[in-house]
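Structural overview
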Amino acid sequence: MGLKGNQFGDLSSLTALQILNLSNNVGLKGTLPSSIGNLKNLTTIILVGCSFFGPIPESISSLHQLVYMYYKTSLLLSVACFCFWYNKSDY
């Protein structure tokens, strides 16, 4: 794709988004915005080959539909436990 920059803009309006695939856009830099947690329908986040860095926002823990997150080669610091990955029907 060749996306560049470190500004995501307002992600909160993309409420129906299910798959966020920004893979292989080395020009994407900076930290992930906490507004990513507003995308309640996300099932998949793919950030492989990007240049993101810093902590993964805690707001991602509110994405109860998220089942897959891949960020190899990004310099993202993962939280100790991704306890939000569970099947709500089990509870």
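You'll find the structure just up there.
Residue positions are given per chain, counting from 1 as you read along its sequence in written order. In view of the model being predicted, local features appear only for residues whose pLDDT reaches at least 70, and side-chain atom pairs are presented and counted only at 80 or more, with totals across whole chains, interfaces and linings using the full set of residues. Note: side-chain values were computed over all heavy atoms of the structure, leaving out hydrogens and water.

Let's shift gears to the environment of S13. Segments assigned H or I by DSSP are reported as helices when at least four residues long, segments assigned E as strands when at least two residues long, and all are numbered from the N terminus. Summarising the element assignment, S13 is placed in the loop between β1 (4–5) and β2 (19–21). Accessibility here uses a 1.4 Å probe with only protein chains present; expressed as a share of the type maximum, an area under 20% marks a residue as buried, one over 50% as exposed, and anything in between as partly exposed. The exposure class assigned to S13 is exposed, which follows from its relative accessible area of 56%. Sequence-wise, S13 and S35 are 22 residues apart; in three dimensions their C-alpha atoms are separated by 9.7 Å.

Moving on: the side chain of T44. Tracing the sequence through the fold places T44 in strand β4 (residues 44–46). Each polar contact in these results corresponds to two N or O atoms within 3.5 Å; when the atoms are within protein, one needs to be able to donate a hydrogen and the other to accept it, and residues that are neighboring in sequence are counted only if both atoms are side-chain atoms. Engagement of the side chain of T44 in a polar contact is seen with the side chain of T43, the distance being 3.4 Å. Two residues form a contact once any of their heavy atoms are found within 4.5 Å. Here T44 is in contact with Q18, I19, L20, L66 and Y68, once residues within four sequence places are set aside.

A separate point is the packing of aromatic side chains. Whether two aromatic rings pair depends on their centres lying within 6.5 Å, for rings of Phe, Tyr and Trp, where Trp uses its six-membered ring; planes under 30 degrees apart make the pair stacked, over 60 edge-to-face, and the rest tilted. The final tally for this structure, using the stated rule, is one aromatic pair. With 6.3 Å between their ring centres and 40° between their planes, Y68 and Y70 make a pair best called tilted. A relative accessible area of 41% means that Y68 is categorised as partly exposed. Here Y70 falls in the partly exposed class, since its relative accessible area comes to 32%.

Here the focus is unusual backbone geometry. Residues other than glycine seldom take positive phi values, yet N24 does so here, at roughly 60°. Tracing the sequence through the fold places N24 in the loop between β2 and β3 (27–30). Accessibility expressed as a relative area gives 58% for N24, which makes it exposed.

Purely spatial values, then, with no claim about function.
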